[in-house]
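Notes for the structure review
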Amino acid sequence: MKLLWRNPITLEYDQADVPSLRVTQNLLKIKASLLAELGHLIDEVLVAWNSLCIRFLPTAVFDRDYVEKRVIDLSSQDNSLDFPASKLWQFSVCYDPRLGVDIERLSLEKNLPIEALVQRHIEKTYSVYACGFLPGFAYLGFTDQQLHCSRLASPRKRVPALSVAITQNQTAIYPSASPGGWQIIGRLLDTPVNRSDLLKIGLGEQIQFQSISYEEWRSRSG
Amino acid sequence: MSLQLVEYLPESLRLVGIKSEFDRSRGYPYSDIAMDIRSHAWANKLLGNDVRALTAELLFGRLAAVATQDIRVACTGMDVSISVDDQPIHSWCSFDVPKGSCLRIKPNGVGMFLYIGVEFGWNTQKSDRLIANGLGGNKSNLVCCPPRFWRRSNKLLALNFFVNPDFNASYRFEVEKFIFSTWLISESRSRMGVRLTALENCHSDSKLASLSFSIPVFPGDIQITPSGQPIVLQRGCQTIGGYQIMGTLDEKSLSLLSQASSGTKVCFHAITYEEWKENTEKFHNFFGI
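Throughout what follows, the structure given in this document is the object of discussion. (Residues numbered from 1 in each chain as written. Chains lettered and ligands numbered in written order. Predicted model: local features only at pLDDT ≥ 70, side-chain atom pairs only at ≥ 80, totals over all residues. Heavy atoms only, no water.)

Considerations on the overall build of chain A
Formally: Helical segments are the DSSP runs of H or I of at least four residues, strand segments are the runs of E of at least two, and each set is numbered from the N terminus. When a residue's accessible area, from a 1.4 Å probe over protein chains only, is under 20% of the maximum for its type it is buried; when over 50% it is exposed; and in between it is partly exposed. We call two residues in contact whenever any of their non-hydrogen atoms come within 4.5 Å of each other. Two residue types count as positive, namely Lys and Arg, and two as negative, namely Asp and Glu; His and chain ends fall outside the count. Positions of charges follow a simple convention, taking NZ of Lys, CZ of Arg, CG of Asp or CD of Glu.
For chain A, the helix and strand inventory stands at 6 helices and 13 strands. Considering only C-alpha atoms, chain A reaches an extent of 60 × 35 × 30 Å along its principal axes. Burial status across chain A gives 59% buried among its 222 residues. Across chain A, the fraction of contacts at a sequence separation of at least 24, relative to all contacts at a separation of at least 6, is 63%. Both charge centroids of chain A, one from 24 positive and one from 24 negative side chains, sit 4 Å from each other.

Below, the structure written as structure tokens:
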């Protein structure tokens, strides 16, 4: 557990070294309690993976010791896991290097044929551990150990919408074009349904990927 | 509608305020908050408006508009030439535009965003009335600043930031290097963030790891990528990020940076907790935020 003030108005709280759905659930409950108790002083509270950040209003007057104590008290309460029944989303992905622009390099770096790399990506069912970055961006865990990789040393200025990417032990879909530092391995079918579904994915839900050819991706993308 | 557009050439034009209606916890960026809150607040102050009144934010603004009723206007932010029926008017002051008169605004020098306030505020209940958008923002494809818009200032822009104590404990040398370096605002910038480039002879061979798990981020946060390139997050930034955070700009510095063009030289000054509090209180009390 780590609790520190990133700056005079932002408290960062890391709940655990290893994220889990229970950790996410706990953080969401802490967030709700803090907003109920101190909402008039708070600008926003954001949750990501295993951490929570409280940003206070710039002119708010508050007791830092009290806030820290409340976060610790709330985090020590036993919170049972109560995400709603998990929904399973399935998406078709083209892993062709023309779309997954980092997949060839990753294949070489990992000494793993592209087909095997794709197989390892599609054989898992992923859970949504955090939502944010952009509307519809879901952080999915956890990828096969052989897919683990770092972020790009410098983020790309523009990642195409619906790109499927990996970093560390995580994977995600970019819902819209944006800058991004993850390694791109494929692209979702570009259909209005897929674009709209990405905005509906919620915490605790599950995602599976299916591989399709470049030709199929071209013919079925809108 | 009190101003009817007759000629319009900015890259983007939107109505903005100081409070967002977007839910960042679901990843929606603040696209309805003024990039330069200081200039937004000045426009309202010059008109005697509440600071929460919306202003029109123009990126690289050039426009002509005819008043459909008597109206009092104030323009702040980027350096522009203003005229009413061809009579020159000073910016950073309020002035009348009689019914039927034509208000013309042309970019004139440094700066990125122009704020047009009207007495009593724009008549709308909802901000982010996006009229057009071409640079950055969540509806745009462009994330780079086209070179034709570079209006670099020769002045060195000094910005205040608070050092993240956690980062300082692990990478003190990186913080010192950052403070003692002079940086250039690169051409890569958007409402999300501004990338900085080290000037020649500045070290940028950082070996910082990115984070294992992404963390929440906020406007003003300074991310350091493994390549050593700093990215200063702007008001329309993402909500979660995976790069280490070296520190956070204070409010005024964030406003100043938003107006600085690509090619501008920037340096950073670390401030204490007390200085942050004093600066913040001064800024907010002056504008009544």
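Here's the deal with a negative patch on the surface
Residues and elements named next belong to chain B. As a reminder, the rule being used: Residues enter patches when their relative accessible area tops 30% and they take part in no salt bridge; the joining distance is 9 Å for like charges and 5 Å for the nonpolar side chains Val, Leu, Ile, Met, Phe, Trp and Tyr. Reported accessibility uses the Shrake-Rupley method at a 1.4 Å probe radius. Residues are deemed covered only where the shown protein chains occlude them. We define a salt bridge as a side-chain nitrogen of Lys or Arg found within 4 Å of a carboxyl oxygen belonging to Asp or Glu.
A surface patch of negative charge is lined by Glu274, Glu275, Glu278 and Glu281. With respect to the secondary-structure elements, Glu274 resides in helix α5 (residues 273–287). Residue classification places Glu274 among the exposed positions, given a relative accessible area of 54%.

Quick look at unusual backbone geometry
With the exception of glycine, most residues fall at negative phi, and the peptide bonds are largely trans. Residues and elements named next belong to chain A. Between Gly141 and the following residue, Phe142, the backbone shows a cis peptide bond with an omega angle of -10 degrees. Note that Phe142 resides in the loop between β7 (138–141) and β8 (156–159). In this structure, Phe133 is a non-glycine residue whose phi angle is positive, near 70 degrees. Relative to the assigned elements, Phe133 resides in the loop between β6 (126–131) and β7. Here Phe133 falls in the buried class, since its relative accessible area comes to 9%.

Topic: the interface of chain A and chain B
This is how it is decided: Buried area: the sum, over both parts, of the accessible surface (1.4 Å probe) that disappears when the two are put together. For the purposes of these results, a polar contact is taken to be a pair of N or O atoms within 3.5 Å, where, inside protein, one atom must be able to donate a hydrogen and its partner to accept one; residues adjacent in sequence count only when each atom of the pair is a side-chain atom. Amino acids are sorted into nonpolar (Ala, Val, Leu, Ile, Met, Phe, Trp, Tyr, Cys and Pro), charged (Asp, Glu, Lys and Arg) and polar (every other residue, Gly among them).
Listed per partner, the contact involves 50 residues of chain A and 49 residues of chain B. Across the chain A/chain B interface, buried area totals approximately 4,100 Å², and carbon plus sulfur atoms make up 56% of it. One can count 5 salt bridges joining chain A with chain B. A salt bridge links Lys19(B) to Asp43(A); the shortest N-O distance between them is 3.6 Å. Linking chain A to chain B there are 18 residue pairs in polar contact (both at pLDDT 80 or more). Elements that contribute at least two residues to the side of chain A that touches chain B include exactly β1 (2–7), β2 (10–14), β3 (42–48), β4 (51–56) and β8 of chain A. Among the residues forming the side of chain A that touches chain B, the class breakdown is 25 nonpolar, 12 polar and 13 charged.

Some words on the packing of helix α1 (residues 21–38) of chain A against helix α2 (residues 64–76) of chain A
Residues and elements named next belong to chain A. Cut-off, in case you're wondering: Orientation is described by axes fitted as lines to C-alpha atoms, over the contacting stretch for helices, and by angles from 0 to 180 degrees between their N-to-C directions. Any angle between 65 and 115 degrees counts as roughly perpendicular, while under 35 counts as roughly parallel, over 145 as roughly antiparallel, and the rest as oblique. Handedness of each helix crossing follows the sense of rotation of the near helix against the far helix: counterclockwise by less than a right angle gives left-handed, clockwise gives right-handed.
Running from N to C, α1 and α2 cross one another at 140 degrees; their axes reach a closest spacing of 10 Å. By the angle between their axes, α1 is oblique relative to α2. Where α1 crosses over α2, the handedness of that crossing is right-handed. Facing α1, whose interface residues are Asn26, Ile30, Ser33, Leu34, Glu37 and Leu38, α2 presents Tyr66, Val67, Arg70, Val71, Leu74 and Ser75. Partitioning the contact of α1 with α2 into residue classes produces 7 nonpolar, 3 polar and 2 charged.

Some points on the sheet that holds strand β9 (residues 163–167) of chain A
Strand pairs in the sheet, formed through backbone hydrogen bonds, run parallel or antiparallel to each other. All names here are of chain A. We count it as follows: Strand pairing is defined by DSSP finding a minimum of two bridges between the two strands.
Reading around the barrel, the 7 strands line up as β5-β12-β9-β10-β7-β6-β13 and close back on themselves, with mixed pairing between neighbours. Between one strand axis and the next, the sheet turns by 40 degrees as a mean value, whatever way the strands run. Relative to strand β10 (residues 170–173), β7 is paired through 2 bridges, and the arrangement is antiparallel. Across the sheet, residue Leu140 finds its bridge partner in β10, namely Thr171.

Section: the environment of Gln119(A)
Its location among the elements puts Gln119(A) in helix α4 (residues 114–122). Since its relative accessible area comes to 42%, Gln119(A) is described here as partly exposed.

Section: α2(A)
Residues and elements named next belong to chain A. Inclusion rule: Here the expected span of a helix is defined as 1.5 Å times the quantity of residues minus one. Here the arc refers to the directions that run from the helix axis out to each C-beta atom.
In a regular helix each residue adds 1.5 Å, so 13 residues correspond to 18 Å; α2 covers 19 Å between its end C-alpha atoms and thus fits that length. Among all positions of α2, only Val67, Arg70, Val71, Leu74 and Ser75 are buried. The buried residues of α2 occupy an angular sector of 125 degrees when the element is viewed end-on, so they sit on one face. Residues of α2 that are exposed and point more than 90 degrees away from the buried face comprise Asp65, Lys69 and Ser76. Buried residues along α2 sit in contact with β1, β2, α1 and β4.

Brief notes about the sheet that holds β3(A)
Residues and elements named next belong to chain A. Pairing in this open sheet of 4 strands is antiparallel, and the strands run β1-β2-β4-β3 from one edge to the other. The sheet is open, and its two borders are formed by β1 and β3, each paired with just one other strand. Sheet twist, expressed as the average angle between the axes of neighbouring strands with direction ignored, equals 15 degrees. In this sheet, β4 lies alongside β3 in antiparallel orientation, the contact comprising 6 bridges. Opposite Glu44, over in β4, you have Arg55 as the bridge partner. With respect to the sheet, α1 is in contact with β2, β3 and β4, its orientation differing from that of β3 by roughly 175 degrees.

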